[in-house]
Amino acid sequence: MKAQDTEDRYLDAYMQMPEKARKLYTDYGDMMEILPAHRGKTAKKLGVSVHVVKQVLDFVSLWGGPGNQQLQALLATGKAALPANVHLVIPDAHFSRKDRANNFLRARRLGQHIGRVWTQCMKKGQYLRVVCLGDWWDMYSLNSFERGKAGFSEENVAEDLATGEAALALMLDAMEVQANCSVVEPDTVSFHFTAGNHELRLDKAKQNNDTAPMVKNLRSHRQIVEDLGWGYHDYMVAADVDGVAYAHCLPSGVMGKPIGGSGAARTLLNTHMVSCVVGHSHLYDMVLRTDAFGGRRFALVAGCYAKSTGHLWWRGITILNGVRNGCLERGHAAVTVEDMKDVVGF
């Protein structure tokens, strides 16, 4: 590979990291290359998340420190323009052990559609961000009305966990097969998972005196997701992906209640004052506003990817084309489940 190509790939990879990760790499990357860093202690000491520390450590292991790469000199050339990325948003999917026949179909269809989008991104030189807004798992066994039944057991909870894990792994496999990973470069896509209230059920069960002994040995959703290569973000904590705040839901104020109701997208943008994307309600709503510098800020309530039981629900995924520094430079596509069936053939 030519030195010029290596420099361009390095700068592209550097600029793909969030701003906090770039700063951490610039300030401490050379030290991290020499001395092994403990993720948790480093995150606490520097006031960043463990996920940011992991991103920087992974980057250092691949590229080395900024001194070795002469980062500042390369940045001074002006070549490190941040690519306008494509975001593919997966809203609440609610994979349930009570719907096994439909799970395989939904996961495979979704993976194949993502694979097609990924391939198109590569052709256009864009990076793809796949963001799951949580409630991927239904965790039916941990419903408040299920926990009190005689049939409630650790096996039910474990089966719920396995159902969502199998669906997530199947989706990733179908995506890679569709995109033909021997051709598509794997570092051109990243995965982000924001925990939903249904994933939160397991966290609460592990903290509850009555249920903790039964579920304490089960893996957490974070462990499952991270083992599959995703970044995991806690419930109602915004994940910064190219300047857009992603979460299952975001608070309306100091009481911490999720923003919802009529005009939820407008309320999100007015309250949090950055571009936002949430799920939770299973409804679809989007608003676009142009700021003083011409940037298009937006807020999206993304519907769901669940089996429909409500006539108000919108079912599908959303593709945001050209996201840069929290603004939407091009456009967006709301792809319904029916549209996906037409594209992938089932």
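Details of the structure are given in the entry above.
Residues numbered from 1 in each chain as written. Predicted model: local features only at pLDDT ≥ 70, side-chain atom pairs only at ≥ 80, totals over all residues. Heavy atoms only, no water.

Describing helix 2 (residues 19-34)
Structural remark: α-helix, 3.6 residues per turn; residues separated by three or four positions point the same way. The terminal C-alpha atoms of helix 2 lie 23 Å apart, and with 16 residues this matches the ideal 22 Å at 1.5 Å per residue to within 8%. In the structure, helix 2 departs most strongly from a straight axis at Y28, where the bend amounts to approximately 70 degrees. Those residues of helix 2 that fall on the buried side of the exposure criterion are A21, R22, L24, Y25, G29 and M32. (Helix = DSSP H or I, 4+ residues; strand = E, 2+ residues; numbered from the N terminus. Expected span 1.5 Å × (residues − 1). Bend = angle between axes of the 7 residues up to and from the residue. Buried < 20%, exposed > 50% of the residue type's maximum accessible area, 1.4 Å probe, protein only.)

A closer look at a nonpolar patch on the surface
Taken together, the side chains of Y28, M31, I34 and L35 present a nonpolar region at the surface, about 430 Å² in accessible area. In this structure, M31 sits in helix 2. With a relative accessible area of 48%, M31 lands in the partly exposed category. (Patch = residues over 30% accessible without salt bridge, like charges linked within 9 Å, V, L, I, M, F, W, Y side chains within 5 Å. Areas by Shrake-Rupley, 256 points an atom, 1.4 Å probe, with all protein chains shown as cover. Salt bridge = Lys/Arg side-chain N within 4 Å of Asp/Glu carboxyl O.)

Brief notes about the packing of helix 2 against helix 4 (residues 50-63)
Closest axis-to-axis distance for the helix 2/helix 4 pair is 9 Å, and the angle between their directions is 55 degrees. By the angle between their directions, the pair helix 2 and helix 4 is classed as oblique. In this structure, helix 2 crosses over helix 4, and the sense of that crossing is right-handed. Here K20, A21, L24, Y25, G29, M32 and E33 of helix 2 come into contact with helix 4, specifically with V52, V53, Q55, V56, L57, F59 and V60. (Axes fitted to C-alpha atoms, helices over the stretch in contact; angles between N-to-C directions. Parallel < 35°, antiparallel > 145°, perpendicular 65-115°, else oblique. Left-handed = near helix turned anticlockwise from the far one by under 90°. Contact = heavy atoms within 4.5 Å.)

Some thoughts on the sheet that holds strand 9 (residues 296-302)
Strand order in this open sheet of 5 strands is 5-6-7-9-8, and the pairing throughout is mixed. The strands lining the two open edges of the sheet, one partner per strand, are strand 5 (239-241) and strand 8 (284-290). Ignoring strand direction, the axes of neighbouring strands in this sheet form an average angle of 20 degrees. The strands touched by helix 13 (residues 264-272) within the sheet are strand 7 (276-278), strand 8 and strand 9, with strand 9 carrying the most contacts at an inclination of about 130 degrees. (Pairing = 2+ DSSP bridges.)

Concerning the packing of helix 7 (residues 100-124) against helix 14 (residues 337-344)
It is at 10 Å that the axes of helix 7 and helix 14 come closest, and there the two elements cross at 70 degrees. Regarding the angle of helix 7 to helix 14, the classification is roughly perpendicular. Residues R109, L110, Q112, H113 and R116 of helix 7 form the contact with helix 14, whose participating residues are V337, M340, K341, V343 and V344. Residues that form the contact of helix 7 with helix 14 fall into these classes: 5 nonpolar, 2 polar and 3 charged. (Nonpolar A, V, L, I, M, F, W, Y, C, P; charged D, E, K, R; others polar.)

So, unusual backbone geometry
Most peptide bonds take the trans configuration, and most residues that are not glycine carry a negative phi. Although it is not a glycine, M139 adopts a positive phi angle of roughly 50 degrees. Position of M139 among the secondary structure elements: in the loop between strand 2 (128-132) and helix 8 (144-147).

What about the environment of R108?
Here R108 is to be found in helix 7. Accessibility expressed as a relative area gives 27% for R108, which makes it partly exposed. Taking the C-alpha atoms as reference points, R108 and L170, 62 residues apart in sequence, are found 6.3 Å from one another.

Thoughts on the nonpolar core
Core analysis: the biggest nonpolar cluster contains 45 residues, and I90, L110, I114, L128, W136, M171 and W230 have the highest contact counts within it. Of all the elements, helix 9 (residues 154-179) adds the most residues to this core, at 9 residues. If you look at the next biggest cluster of nonpolar residues, it comprises 18 residues, including Y10, A21, Y25 and V56. (Core = buried A, V, L, I, M, F, W, Y, C linked by side-chain atoms within 4.5 Å.)

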